Amino acid sequence: MRTISAAVFREVGTPFRIESVQLADPGPGEVLVKMQAAGVCHSDWHLVTGATKVPSLTVPGHEGAGIVEAVGPGVSQVRVGDLVALNWAPYCGLCECCLDNLPALCQEYLKQKWAGTLLDGTTRLSQNGTPVYHFTATACFAEYTVVPECCAVPLPADTPPAIAAVLGCAVTTGVGAVLNKARVAPGDSVAVFGCGGVGLCTILGAVAAGAGRIVAVDVSEEKLAFAHLLGATETSLSPVLEKRVDFAFECVGLPELQRHAFDAIKPGGMAVFAGITPTDSLTSLPGAAWTRQEKTVAGTYYGTAHPRRDFPRFAELWRQGRLPLEKLLTRTYELGQIETAYADLVGGAVGRGMIVF
Ligand SMILES: [Zn+2]
Ligand SMILES: [Zn+2]
């Protein structure tokens, strides 16, 4: 048991605050990680808006990297001293989805994940004897975290921590959508709707895939200018595109924007929905065009990735200069500046903010 500083979510409408909490030693199949970097991702902010419901108190943070400081009994895939990036989708390895190499779709631990516990249904976090919950089994806006072994993915030791961290969410989601789901080929034309973290990584993925036209779509001129720096060949403030594309990626999670993505693809093209829509939302698409133009509509979750395969694969593309992830990292903060970090995100700052420890 150790006392650590962590960002804490208390109630909807109240920003994260730094508090002291207690963290127990890792149990069987668990890993203690000393955090080095944690990305400021929109998904954590959904706790504050109430769009994602979690118990009070919860430690947020799901895009992180750090050094393994201790391992619990039975851990075999991770060693003390390893640099690991965190995977926010714990998987069992044995169910139909896992056997199909789609571990992000594993249903086995969904209950624990959204209840805010680790896989055995209990928490390692507490405050003065009261349980404190782990957001998506990662809880990495904290000096240390304890995660299930499957949520700690080793990377080459010389990977910079901020690069390792961003691989754990935005990069895998965006680049995976392009390489794993759409399988964009050299010369293909692409449109990306929404230029937040995932959209920007989708653009980087399209560049890495050798796409031809890459159209960035957003309502913010500033975000479009940044998308252009990352490799977008055209930008559009309007979601209605003049010239259609082979692949359209919706990276926000808005039904109207999904419709625009559908309309933006050529006959035979593919619309890929990567943004998470609100739980009860419905999307309306024109059935006639869908059939007669043989359009494909595909969902992708966490980049259709296998973390243990894809985190190292994308890290290697970064090493070769084919995924210039450092261009994404525009701002750094200390953990104590978490309120500022989220105020900047919500205020529309471009690129990725990163908490460094
Ligand atoms: Zn599974
Ligand atoms: Zn995220």
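What you see is a predicted model, and the numbers here were worked out from it, not measured in a lab.

Criteria and cut-off values
Residues numbered from 1 in each chain as written. Chains lettered and ligands numbered in written order. Predicted model: local features only at pLDDT ≥ 70, side-chain atom pairs only at ≥ 80, totals over all residues. Heavy atoms only, no water. Donors = N, O, S within 2.8 Å, 3.2 Å for Na, K, Ca; no water. Tetrahedral: all angles 85-135°; square planar, octahedral: opposite > 155°, others 65-115°. Helix = DSSP H or I, 4+ residues; strand = E, 2+ residues; numbered from the N terminus. Buried < 20%, exposed > 50% of the residue type's maximum accessible area, 1.4 Å probe, protein only. Core = buried A, V, L, I, M, F, W, Y, C linked by side-chain atoms within 4.5 Å. 1 Å grid on protein atoms, 1.4 Å probe; cavity = no way out; pocket = protein on both sides within 12 Å on 5 of 7 lines; lining within 4 Å. Points joined across faces, edges and corners; volume = space filled by probe spheres on them. Phe/Tyr/Trp six-rings, centres within 6.5 Å; stacked < 30°, edge-to-face > 60°. Contact = heavy atoms within 4.5 Å. Polar contact = N/O pair within 3.5 Å; in protein donor to acceptor, adjacent residues only side chain to side chain. Pairing = 2+ DSSP bridges. Axes fitted to C-alpha atoms, helices over the stretch in contact; angles between N-to-C directions.

**Focus on the coordination of the zinc ion (ligand 1)**
The protein atoms that coordinate the zinc ion (ligand 1) are Cys92 (SG), Cys95 (SG), Cys98 (SG) and Cys106 (SG), at distances spanning 2.3 to 2.4 Å. With 4 donor atoms in place around the zinc ion (ligand 1) and angles of 106 to 114 degrees between them, the coordination shape is tetrahedral. The sequence pattern formed by the donor residues of the zinc ion (ligand 1) is C-x2-C-x2-C-x7-C. Note that Cys92 is positioned in the loop between strand S6 (83-86) and helix H2 (96-99) and Cys106 in the loop between H2 and helix H3 (110-115), a separation of 14 residues in sequence. Note on Cys92: relative accessible area 21%, which makes it partly exposed.

**Focus on the nonpolar core**
Core analysis: the biggest nonpolar cluster contains 58 residues, and Val171, Val184, Ile203, Phe249, Leu323, Leu325 and Leu328 have the highest contact counts within it. Here this core takes 13 residues from helix H4 (residues 161-182), the largest share from any one element. If you look at the next biggest cluster of nonpolar residues, it comprises 35 residues, including Met35, Leu47, Val75 and Leu86.

**Thoughts on empty space enclosed by the protein**
As enumerated under the stated definition, the model contains 1 cavity of 30 Å³ or more in all. Taken as a whole, the largest cavity holds about 40 Å³ of empty space. The wall of the largest cavity is formed by Val54, Pro55, Thr58, Lys113, Trp114, Ala115, Gly116, Tyr133, His134, Phe135 and Thr136. For the lining of the largest cavity, the elements supplying multiple residues, two or more each, are H3 and strand S8 (130-134). Broken down by element, the residue count for the lining of the largest cavity peaks at 3 residues, all from H3.

**Observations regarding the coordination of the zinc ion (ligand 2)**
Around the zinc ion (ligand 2), the donor atoms from the protein are Cys41 (SG), His62 (NE2) and Cys169 (SG), and they sit 2.0 to 2.2 Å away. Read in sequence order, the donor residues coordinating the zinc ion (ligand 2) give the pattern C-x20-H-x106-C. Of this pair, His62 sits in the loop between strand S4 (58-59) and strand S5 (64-71) while Cys169 is found in helix H4, placing the two residues 107 residues apart along the sequence. Residue class for His62 comes out buried when judged on its relative accessible area of 2%. Overall, Cys169 belongs to the buried group, its relative accessible area being 5%.

**Describing the packing of aromatic side chains**
By the definition in use, this model includes 8 aromatic pairs. Relative to Tyr342, the ring of Phe16 lies with its centre 5.4 Å away and its plane at 90 degrees, an arrangement referred to as edge-to-face. Taken together, the residues Phe16 in the loop between strand S1 (2-8) and strand S2 (17-23) and Tyr342 in helix H10 (residues 338-346) connect sequence positions 326 residues apart. The two residues Phe16 and Tyr342 agree in class, both being buried. With a centroid separation of 5.9 Å and an interplanar angle of 65 degrees, the aromatic rings of Phe262 and Trp290 are classed as edge-to-face. Taken together, the residues span a long stretch of sequence, with Phe262 in helix H7 (residues 255-264) and Trp290 in helix H8 (residues 287-292) at a distance of 28 residues.

**Here's the deal with the environment of Thr330**
Within the fold, Thr330 resides in strand S17 (residues 329-333). Judged by relative accessible area, which is 35%, Thr330 ranks as partly exposed. Distance from Thr330 to Arg352, taken between C-alpha atoms, is 5.8 Å for residues 22 residues apart in sequence. Once residues lying within four places of it in the same chain are set aside, the contact partners of Thr330 are Phe226, Val350, Gly351 and Arg352. Engagement of the side chain of Thr330 in a polar contact is seen with the backbone oxygen of Val350, the distance being 2.8 Å.

**As for the sheet that holds strand S12 (residues 214-217)**
Reading across from one edge, S13-S12-S11-S14-S15-S16 is the order of the 6 strands in this open sheet, with parallel pairing throughout. Here the strands that pair on one side only, and so sit at the sheet edges, are strand S13 (234-236) and strand S16 (296-299). Averaged over neighbouring strand pairs, the angle between their axes works out to 20 degrees when direction is ignored. Here S12 runs beside S13; their pairing, made up of 3 bridges, is parallel. Pairing of Ala216 across the sheet is with Thr235, part of S13. Sheet contacts for H7: strand S11 (190-193), strand S14 (245-250), strand S15 (265-273) and S16; angle to S15, the most-contacted strand, approximately 150 degrees.

Don't take any of this as a statement about function, it's just geometry.
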